[in-house]
Amino acid sequence: MMEAALQMLDVETHCFTDPEEGLEFIFEHPPQIVLTDLVMPGLSGMELLERVVEFDPAIDVVLTTAYYSTESAVEAIRKGAADYLDKPFPPHVLRTRLEPLLARHRARLNALDLERSLADHASFAGLIGNSPPMWHLYAHIQRIAPHYRTLLITGATGTGKELIAKALHQLGPVSSGPFVPLNCSAIVETLFESELFGHVKGAFTGAFQDKAGMFEHAHNGTLLLDEIGDMPISTQAKLLRALQNQEIQRLGSLQSRKVNVRVIAATHHDLRAMIAEKTFRQDLFYRLSMIELKAPPLVDRDADLQLLTRHFIARFATQFNKTIHGLTYRAQLLLRQHDWPGNVRELENVIGHACIMVMGTMIDVTDLPDYLRHSDPVPAAPLASPEASTLDEQERRLLNDALAQTGGNQSGAARLLRISRDTLRYRMKKHKLTV
Ligand SMILES: Nc1ncnc2c1ncn2[C@@H]1O[C@H](COP(=O)(O)OP(=O)(O)OP(=O)(O)O)[C@@H](O)[C@H]1O
Ligand SMILES: [Mg+2]
């Protein structure tokens, strides 16, 4: 009877009289809506509801029963049912109750399409992002790429420094040449110079034959010196000379070789502090940092969180051969509340984890790593103190309290006060507050 009633809605229906069979079908072909009786042999409608919601919170479950009671209706809604119908009902009631659910599914699919096309447009030379800090970065890259010879990229871990270096290479005049990344933190100190400049046979024990270094490999291209802060100070002097003269000598050889190499250095260290500690050469720093690009942290890029999430979901879904439409609202909230100290790399890991865990088509909070769910709950908003009399004083005190409670963490304080970080910064400036 219900199947007949639904024909007018132009939906595909699959009917089952055995709840276990129905559930099996649901797991294999997740539908938009599950319409189920409450009292059934074997599996009750309430149990079916629980299993379906756990499997995929995006599926709407509608319960129907001839034994209507307010308690069971409340229980069903609490467990995540989309609707609860009292039997018997005429066919048109069923249709009017299902229509809004179907419309919501269509709207969500449209929104996903829209997001997807947005994501397509919000990238620049392999970098994804459509936020003011990223626009700024794109503009800089575009302006600098044709001209620089040496350049420094700074930014916290996981902010995309390597991708920025690749973008610079790709948009510069040597894009047809090699892009050679060298991770300075992964090289044994004694082999550093040989790695950079090469060596000739017999230059040191174990140098069995002539070998070209990374500078020569990067000839007519770009050399990325990643984690430059980990380069030994003795090597730094030789690097500076190579940059100044655009020539190198293989270890153990007196012959100079001209190299045409653009050098990009990247680091998450504070090189200025390292100069003060005498672990980084000031002259090399000035040589490198004539142009400095800063990779913005993810917490400053609210708009990008969603774009990057979508990008990673698409990538992992393909990799794991799953259909994943996105995140439930609750899961999105959880991501937005996190501070992302590991930046884009951390987000990538979190989404990778979730894509492995997810059973249905929507990622829910339980699919996200535990540490996100168990991070400190947001403390209660501070109350303005009664001594502060004027509005200005109240505001100042609120800001101070919030910053004190979060140990000076601006995004935490903004969250506490339920204002945006920009607003917080604006108000801090107004009150001349610093942290
Ligand atoms: N804007 C972005 N768009 C797309 N992917 C990004 C972006 N930024 C970073 N990623 C991804 O995040 C991961 C980390 O990026 P990357 O290795 O460039 O960071 P990094 O700044 O060099 O980090 P570290 O200092 O830890 O070496 C990579 O998988 C990269 O593809
Ligand atoms: Mg890196």
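Residues numbered from 1 in each chain as written. Chains lettered and ligands numbered in written order. Predicted model: local features only at pLDDT ≥ 70, side-chain atom pairs only at ≥ 80, totals over all residues. Heavy atoms only, no water.

A. Broad picture of the domain arrangement of the protein chain. If you check the domain split of the protein chain, you get domain 1 (2-118), domain 2 (128-294) and domain 3 (298-373). Placing the centre of domain 1 and that of domain 2 at their C-alpha centroids yields a distance of 59 Å. (Domains from an automatic or database assignment.)

B. Focus on the site of ligand 1. In the vicinity of ligand 1, 16 residues are found, and the nearest of them are Thr157, Gly158, Lys161, Arg345 and Glu348. For ligand 1, an oxygen atom lies 2.6 Å from a polar atom in the side chain of Thr157. Within the complex, 87% of the 630 Å² of free accessible area of ligand 1 lies under protein. If you list the elements that add at least two residues to the shell around ligand 1, you get strand S5 (127-128), helix H7 (161-171) and helix H15 (343-357). Inspection of the shell around ligand 1 shows a minimum of three residues originating in each of domain 2 (128-294) and domain 3 (298-373). (Near = heavy atom within 4 Å. Polar contact = N/O pair within 3.5 Å; in protein donor to acceptor, adjacent residues only side chain to side chain. Areas by Shrake-Rupley, 256 points an atom, 1.4 Å probe, with all protein chains shown as cover. Helix = DSSP H or I, 4+ residues; strand = E, 2+ residues; numbered from the N terminus.)

C. Seen up close, helix H19 (residues 421-430). Residues of H19 that are buried include every one of Arg421, Leu424 and Met428, and no others. Looking straight down H19, one finds that the buried residues subtend no more than 55° of arc, so they occupy a single side. Away from its buried face by more than 90 degrees, H19 exposes Asp422, Tyr426 and Lys429. After H19 finishes, the residue Lys432 shows a positive phi value of roughly 55°. (Buried < 20%, exposed > 50% of the residue type's maximum accessible area, 1.4 Å probe, protein only. Arc of directions from axis to C-beta.)

D. Just the pairing of strand S1 (residues 33-37), in detail. Summarising the sheet, S1 and strand S2 (residues 60-65) pair through 5 bridges and their orientation is parallel. If you follow Thr36 over to S2, its bridge partner there is Leu63. What joins S1 to S2 is helix H3 (residues 45-55), and the crossover it makes is right-handed. (Pairing = 2+ DSSP bridges. Right-handed = clockwise from strand over helix to strand, strands pointing away.)

E. Quick look at the side chain of Asp367. With respect to the helices, strands and loops of the structure, Asp367 is situated in the loop between strand S16 (362-363) and helix H16 (370-373). Polar side-chain contacts of Asp367 include one of 2.8 Å to the backbone nitrogen of Asp364. Residues within four places of Asp367 in sequence aside, it is in contact with His353, Ala354, Met357, Val358 and Met362. (Contact = heavy atoms within 4.5 Å.)

F. Expanded view of the sheet that holds strand S10 (residues 221-226). Overall, parallel pairing links the 5 strands, which are arranged S7-S10-S13-S6-S14 in an open sheet. Each edge of the sheet is formed by a strand with only one pairing partner; in this case those strands are strand S7 (179-183) and strand S14 (292-294). Here the strands of the sheet are splayed against their neighbours by 20° on average, with no regard to which way each runs. Inspection of the sheet shows S7 paired to S10 by 5 bridges, in the parallel sense. By the bridge assignment for S10, Pro181 is matched with Leu224. In the packing of H7 onto the sheet, contacts are made with strand S6 (150-154), S7, S10, strand S13 (261-267) and S14, and the angle to S6 comes to roughly 150°. (Axes fitted to C-alpha atoms, helices over the stretch in contact; angles between N-to-C directions.)

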